[in-house]
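# Commentary on secondary and tertiary structure
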Amino acid sequence: MRTHTPLEAPPETPGTPPQTLPARAPVTVGRSRPVLDVVVPVYNEEADLERCVRRLHDHLTRTFPYPFRITIADNASTDRTPEISARLDDGIDEVTAVRLEQKGRGRALRTVWSMSRAPVLAYMDVDLSTDLNALLPLVAPLISGHSDLAIGSRLARSSRVVRGTKREFISRAYNLILRGSLAARFSDAQCGFKAIRKDVAERLLPLVEDTGWFFDTEMLVLAERAGLRIHEVPVDWVDDPDSTVHIVRTATEDLKGVWRVGRALATGALPLDRLRRPFGDDPRDRGLSGVPGGLARQLVGFCVVGALSTLVYLLLYSLFRLGTGPQVANALALLLSALGNTAANRRLTFGVRGRDRAVRHQAQGLVVFAIGLALTSGSLAALDAAASGTPAHSTELAVLIAANLAATVLRFLLFRAWVFPSDSADRAGSADSADRAGSADSADRAGSADSADRAGSADSADSGAPTVPDLTDDNPRTTR
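Overview of the structure. The model shown is predicted, which means the values in this text are computed figures rather than measured ones.

## What to know about the packing of helix α11 (residues 358–386) against helix α12 (residues 393–419)
The contact between α11 and α12 brings their axes to 9 Å, and the two run at 150°. Comparing the axis directions of α11 and α12 gives the class roughly antiparallel. For the pair α11 and α12, the crossing hand works out as right-handed. Considering only residue class, the contact of α11 with α12 consists of 16 nonpolar, eight polar and two charged.

Given below as structure tokens:
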């Protein structure tokens, strides 16, 4: 009978170049290596494990057209789960069992996904609450090269879900929190039915800190912020009334994770640039004669930020005007709104993240502010000179709106030509370099991986150290 050697998380490879991902391409399908690796993380699941794995194996055998693997990731179970895992590993060729000595669903997924050589990685909960007919639609966009990640959604319109009011409320409330705090656009973060391409996982997983239930959410938020494509599949889902998930503790840890990720995103602490990939077929990236690259998107972003800044400016001006004269109220309102306008345009319009040159950009923005102040102050001075007596407040606002429109046009031109030009050029140059180097880098990495595989086998033989489950063989099994 096979024995299970504890599996530790592999160390992160030093010196990994942080260039962007290569352009998406269809997965190379062969008959000698699994295309899909489905991980089933378990902790003390002796009652459901065998039924789940056999049902999943039968479904994949009947419906999945490519080679596959099912990996049981045992999170330090203390019941008969390891024994059942070993029996399934012995009896089914496509099943592999691994053992981790620490708990945590996120830790299990990170460990197995990091060691797997399958180009498409997935996981599902052991209770099989999600109908398995959604599995092929889940992974098909990843195999074809259309998407980077895929998730099952219980909140899609065509999903059919059976669960209690309490869990329904918690799930929807949690997703509302994600939308409000992290600007998440995916509909269901917690459904235990997800997949990811291996090349994306290699870059994304080192950035995900959580090792528990928040792992899924953090992974999705970072992927979405990096511009990766997330495919959503409506699922049929039936609640498991015997679920061992501790709702209150899980919710508390999730909220802590939301705060941590939100703070990291706000400060630019995450190197999300390494997750971006060139979209050669994206119509937004096609060069148009006479139209500078990115101009359309920058105009839209600038107009949105400008409209919000104008509303903030008018509100501040009206408040300051209650206690000061028009010139002082205009200067204060314009100064505060200008600081916010520069920060918003820096991030949203021109895509500059992190703290690098942030002070310089604000200083240049203040110069632009001074020009706008001269225009608006000059307009007020002209109004005072032309009017007999004190002009009406509505007239002041109308003049200021007209002056701000002129200042807005000038502000966009100065932002694009003076404040942020080098950042746009640097990003474009980096993307072009990554495009040109993509093929060579892929070949180099493949060669290095092959060499490492050969060297690793020799080292294991020489050292006599205990081996771990081999997740790279055509028919992977645990060691005897």
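More follows now that the structure is in view.
## Structural notes on a nonpolar patch on the surface
A cluster of nonpolar side chains, namely Val367, Ile371, Leu375, Leu410 and Trp418, defines an oily patch on the protein surface of about 380 Å² accessible area. Put simply, the parts of the chain that give the nonpolar patch at least two residues each are α11 and α12. Take the nonpolar patch: its biggest share by element is three residues, from α11. Within the secondary structure, Ile371 sits in helix α11.

## A short note on the nonpolar core
Grouped together as the largest cluster of nonpolar side chains are 44 residues, with contacts concentrated most on Trp113, Leu149, Phe186, Ile196, Leu204, Met219 and Leu222. The set of elements that each furnish at least two residues to this core consists of β3 (95–100), α3 (105–115), β4 (120–124), β5 (149–153), α5 (165–182), α6 (198–204), α7 (215–225) and α8 (247–267). Among the elements that make up this core, the one with the highest residue count is α7 (six residues). Dropping the residues within four chain positions of it, Leu222 is found in contact with Leu204, Leu207, Val208, Val261, Leu265, Leu270, Leu272 and Leu275.

What counts, and where the lines are drawn
Residues numbered from 1 in each chain as written. Predicted model: local features only at pLDDT ≥ 70, side-chain atom pairs only at ≥ 80, totals over all residues. Heavy atoms only, no water. Axes fitted to C-alpha atoms, helices over the stretch in contact; angles between N-to-C directions. Helix = DSSP H or I, 4+ residues; strand = E, 2+ residues; numbered from the N terminus. Parallel < 35°, antiparallel > 145°, perpendicular 65-115°, else oblique. Left-handed = near helix turned anticlockwise from the far one by under 90°. Nonpolar A, V, L, I, M, F, W, Y, C, P; charged D, E, K, R; others polar. Patch = residues over 30% accessible without salt bridge, like charges linked within 9 Å, V, L, I, M, F, W, Y side chains within 5 Å. Areas by Shrake-Rupley, 256 points an atom, 1.4 Å probe, with all protein chains shown as cover. Salt bridge = Lys/Arg side-chain N within 4 Å of Asp/Glu carboxyl O. Core = buried A, V, L, I, M, F, W, Y, C linked by side-chain atoms within 4.5 Å. Buried < 20%, exposed > 50% of the residue type's maximum accessible area, 1.4 Å probe, protein only. Contact = heavy atoms within 4.5 Å.

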